[in-house]
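One-letter residues, chain by chain:
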Amino acid sequence: MSKTRDVVASVLVVDDSEVQREHVAALCRALGVSRVDEASGGEQALERLRVLQPLPQAVIVDLEMPGMDGIELIEAMYRLGHLLPLVVVSAHEGALIHTVEALAREIGMPVLAALRKPIAAEVLAEVLRRDDFPPSPRATPVALPPAEDLARAIGHGEIAVHFQPKVCVRTGLLRGVEALARWRHPQAGDIPAGSFVELAEARGLIRELSFAVIETALGHLSHWCSRGLRLSLALNLSPRLLTVTDLVAELVARVRDHGLEPAQVVLELTESSVVAAYDGGIGVLTRLRLKGFGLSIDDYGTGYASMSQLARIPFSELKVDRQFVHGASERHAQRMLLESALETARRFDLVSVAEGVERVADWRLLQTLGCDVAQGYLIARPMAAEALQPWIRNHQTQLAPLRQPTGPDAA
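The residue numbers shown here count from 1 along each chain, following its written sequence. Local features are withheld for residues below a pLDDT of 70 in this predicted model, meaning they are given only at 70 or higher, and side-chain atom pairs are given and counted only at 80 or more; totals for whole chains, interfaces and linings count all residues. Working from all heavy atoms in the structure, the side-chain values ignore hydrogens and water.

Draft legend 1. Fine view of the overall build of the chain. A count of helical and extended segments in the chain gives 16 helices and 15 strands. A 1.4 Å probe rolled over the protein chains alone gives each residue an accessible area, and that area as a share of the maximum for its type sets the label: buried under 20%, exposed over 50%, partly exposed in between. The proportion of buried residues among the 411 residues of the chain is 49%. Reported accessibility uses the Shrake-Rupley method at a 1.4 Å probe radius. Residues are deemed covered only where the shown protein chains occlude them. Accessible surface for the chain amounts to roughly 19,400 Å². Of this, 52% is attributable to carbon and sulfur atoms. Numbering of helices and strands runs from the N terminus, with a helix taken as a DSSP run of H or I at least four residues long and a strand as a DSSP run of E at least two residues long.

Rendered as structure tokens:
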């Protein structure tokens, strides 16, 4: 977990203060950033982005600038399609900086960090590590392939399944994996899962897509079990499937055909889909729990599920969305939201799962707050099935920094 990582190759620093701008630029160069461009304001930054080739891999934006301020610059970058990873900086109090960070994320801009001036070299070094960066968005959005291509990919077994480990927060030991669908189109390249799932739902392909993923995932789970690796498997469940009359029987049959038990499978539904499926799907969800499947409310905190819905739908797990986990160790308001979600899980006797764990400080906070399970880049990125067992062997050697401190020095 402490391996040396390279910083990004290029950065644009935007700050009207020449002293501050040159300070940050010098820090970037000292960290090994090979191309550092500078702009003294929002207008100049947009002009630089118009002519720079290739575009910088990150933009460090000061919020307080005369003329076009940092917020206006961020909004302009979004409108122009410059969806570049941002580092938001300000001399103002943390609450204001984090509000701007939330606004940027809300409109779709990737944000690496929100930092208060003066910026320390070690903090900037951590922010600019290459493997912490979100995937770079396409400069020009590619049209979604036709539904016929998706149907063909499903029929030909071209929908891959990757797996992201879920580990015990107290010990760091592997508890299970989440199955995630992947589609690489021969012309369009990697298609975001959310996009092709929406396409499948709109064109009547969601059942075929879902069971293709389920079959592949169950096959791998059965193989791991035969090797003595007892894991739970989390599968995302589209609310559209709740209208399928034989869904419960088919899921049970497929699980048992692989020599598995329903108790080894957790079915995840997003909070918003729980609200949408509340009237028609509650019977199906209850029957799934009766058969032994786990039920998880995913992305908790982003939708509109009420306490009464949590009480009436027999969930076994509550999964806290990344936006309430990432950076909670640094932000009081965010920490309170995380604490509230974990307390909700305890009140309803649900297993609590935190997703999007990327920092050791956030991991330690989850331990302090009593979270049960976590997943995120700090632990592992999603991986092909054949990579899981080598990852486990390597993970065993890195457990010591993850284990919850015990004894008189424990937090």
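Draft legend 2. How the structure looks around the sheet that holds strand β3 (residues 58-62). The rule for pairing is simple: two strands pair if DSSP sees at least two bridges between them. Strand order across the open sheet formed by 5 strands is β2-β1-β3-β4-β5, with parallel pairing between neighbours. The two strands at the open ends of the sheet, each matched to only one other strand, are β2 (35-39) and β5 (111-116). This sheet shows a mean twist of 15° between the axes of neighbouring strands, independent of strand direction. One ladder, built from 5 bridges, connects strand β4 (residues 86-90) with β5; its direction is parallel. Residue V87 lies in a different strand from β5, and its bridge partner there is A113. Any two residues whose heavy atoms approach within 4.5 Å are treated as being in contact. Angles run from 0 to 180 degrees between N-to-C directions of axes, and those axes are lines fitted to C-alpha atoms, restricted for helices to the stretch in contact. Relative to the sheet, helix α1 (residues 18-31) contacts β1 (10-14), β2 and β3, its axis offset from that of β2 by approximately 170°.

Draft legend 3. Representation of helix α8 (residues 206-226) in the model. Take the residue count of a helix, subtract one, and multiply by 1.5 Å to get its expected span. In this model, α8 (21 residues) spans 30 Å end to end at C-alpha, consistent with the 30 Å of a helix rising 1.5 Å per residue. I206, L209, S210, F211, V213, I214, A217, L218, L221 and W224 are the residues of α8 that are buried. In the stretch just after α8, G228 is the one whose phi turns positive, near 85°.

Draft legend 4. Spotlight on unusual backbone geometry. Note that the residue after Q53, namely P54, is joined by a cis bond; omega there is -5°. Within the fold, P54 resides in the loop between α2 (42-51) and β3. Residue P118 is reached from K117 by a cis peptide bond, and omega for that bond is -5°. The backbone of D349 shows a phi angle near 55°, a positive value even though the residue is not glycine. Structurally, D349 is set in the loop between α14 (332-347) and β13 (351-355). Of the residues examined, D349 reaches a relative accessible area of 70% and is grouped as exposed.

Draft legend 5. Main features of the side chain of D149. If you trace the backbone, D149 turns up in helix α6 (residues 147-155). Sequence-distant contacts of D149, that is, excluding residues within four places in its chain, are made with W183 and H185.

Draft legend 6. How the structure looks around the environment of G157. Position of G157 among the secondary structure elements: in the loop between α6 and β6 (159-168). Separated by 55 residues in the primary sequence, G157 and A212 have C-alpha atoms spaced 7.6 Å apart.

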